[in-house]
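Observations on chain architecture
Spelled out, the chains give:
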Amino acid sequence: MKTIAILSTAGGAGRTTLTAGLAVLLARRGRPVVAVDFDPQNLLGTLLGLDELPASGIGAAITTDVPWHAHTWRNDDGVLFVPYGDVPLATLPSTSRRLAEEPGWLAGSLASIDLPAQGVVLIDTPRYPSMHGAQALRCADLLLCVTPPEPGALATLVRHLPALRAACDHTLFVLNRLNPAREMQRDAQSMLSAALGHGTAPVIRLHADAALPEAFARGSWFFDDAPYSQASHDFQGLVSSIEQQLVALNEPSRHPGALLK
Ligand SMILES: Nc1ncnc2c1ncn2[C@@H]1O[C@H](COP(=O)(O)OP(=O)(O)OP(=O)(O)O)[C@@H](O)[C@H]1O
Ligand SMILES: [Mg+2]
């Protein structure tokens, strides 16, 4: 079993969309998948097919130690989903305190998930830096770092790059909501490549496509509604890159140099 943390230093970067879409596509490719919502926003379940925000989940367990396993769901594609749940605002300070005192809390909780070797756990997080994000990072075999191609977002990513790289050996960088017609975005791409330096895996690009939120509003997936669109092509490419990393992580000796920092 390998764990992928989906992180970004900007809000609205596409973490939740990517977590849900990747969970579905990896499950369709035959992998046992668990999607964990570790963001108090509690939104991931609605992308995975729930009609409303789930009331109970792993969030309450942080302060109460009440088991969360009974609140998991399985969606139509076979993704096992762990909701965050609806946690009162007043518990936020005690939640943060517990996560600060026990940096391995999430890793300990997820250790009880019984997945075979080819299984994948995907963790959605709030904007980094955050206590929740740091916990997810600690669990991660692979970090998926998502950013919009905007100077402000990239400046925060570059600022946190050393800490992110120190926390996880294997990272894929994803530029999401790309519009290559905009010159500023082309500059932003160059800025990111320069900041990452040589020897880094190529930055993966996902184009902006209004079909993403529209399909979500209809309760479907853009890669089902428009399988030949640029965004669907991009998304399938991202899944293939992740598959390659997962294979290399499981068989490091047969893939020397396959994992790029
Ligand atoms: N490639 C894309 N093209 C067009 N819209 C996109 C794309 N990726 C994500 N979106 C849209 O951007 C919005 C924000 O996405 P999402 O909620 O996944 O981001 P997030 O990083 O999880 O945000 P938050 O900081 O609120 O947790 C959503 O409406 C989503 O449908
Ligand atoms: Mg989100």
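Residues numbered from 1 in each chain as written. Chains lettered and ligands numbered in written order. Predicted model: local features only at pLDDT ≥ 70, side-chain atom pairs only at ≥ 80, totals over all residues. Heavy atoms only, no water.

Quick word on the overall build of the protein chain
Basically, it comes down to this: Strands are runs of DSSP state E lasting at least two residues, helices are runs of H or I lasting at least four, and both sets are numbered from the N terminus onward. Just to be clear, the radius of gyration here is over C-alpha atoms, and the globule rule we use is 2.2 Å times residues to the power 0.38. Between buried and exposed lies partly exposed: a residue is buried under 20% and exposed over 50% of the maximum accessible area for its type, with that area taken using a 1.4 Å probe on protein chains only. All tallies of charge rest on Lys and Arg as positive and Asp and Glu as negative; His and the ends of each chain are not included. Lys charges are placed at NZ, Arg charges at CZ, Asp charges at CG and Glu charges at CD.
The helix and strand inventory of the protein chain stands at eleven helices and eight strands. Computed over C-alpha atoms, the radius of gyration of the protein chain comes to 18 Å, within 12% of the 18 Å expected from 2.2 N^0.38 for 261 residues, which places it in the range of a compact globule. Dimensions of the protein chain, computed from C-alpha atoms along their principal axes, come out at roughly 50 × 40 × 40 Å. Taken over 261 residues, the protein chain has a buried fraction of 50%. When the 19 positive and 24 negative side-chain charges of the protein chain are each reduced to one mean point, those points stand 7 Å apart.

A closer look at the pairing of strand 2 (residues 33-37)
Summarising burial for strand 2: five of the five residues are buried, a large majority. Here strand 2 shows a buried face lined by Val33, Ala35 and Asp37 and a second buried face lined by Val34 and Val36.

What about the site of ligand 1?
Keep this limit in mind: We call a residue near a molecule or strand when any one of its heavy atoms sits within 4 Å of it. Polar contacts here mean pairs of N or O atoms no more than 3.5 Å apart (in protein, one a potential hydrogen donor and the other a potential acceptor; neighbouring residues in sequence count only if both atoms are side-chain atoms). Note on areas: Shrake-Rupley with a 1.4 Å probe; residue coverage comes only from the protein chains shown. Gly is put with the polar residues, along with every residue not named as nonpolar or charged; the nonpolar set is Ala, Val, Leu, Ile, Met, Phe, Trp, Tyr, Cys and Pro, and the charged set is Asp, Glu, Lys and Arg.
Taken together, the neighbourhood of ligand 1 is formed by 16 residues, with Gly12, Gly14, Arg15, Thr16 and Thr17 sitting nearest. Between ligand 1 and Arg15, the relevant distance is 2.8 Å, taken from an oxygen atom to a side-chain nitrogen or oxygen of the residue. Considered on its own, ligand 1 offers 630 Å² of accessible surface; in the complex 78% of this is hidden by protein. Only helix 1 (15-28), strand 7 (171-178) and helix 9 (211-218) provide two or more residues apiece to the shell around ligand 1. Of the residues contributing to the shell around ligand 1, the split by class is four nonpolar, eight polar and four charged.

Focus on the pairing of strand 1 (residues 2-7)
Rule in force here: Here, strands pair whenever DSSP counts at least two bridges between them.
Burial within strand 1 is extensive, with six of its six residues counted as buried. Of the two faces of strand 1, the one lined by Lys2, Ile4 and Ile6 and the one lined by Thr3, Ala5 and Leu7 are each fully buried. Summarising the sheet, strand 1 and strand 6 (residues 142-147) pair through four bridges and their orientation is parallel. In the sheet register, Ala5 faces strand 6, and the bridge partner there is Leu143.

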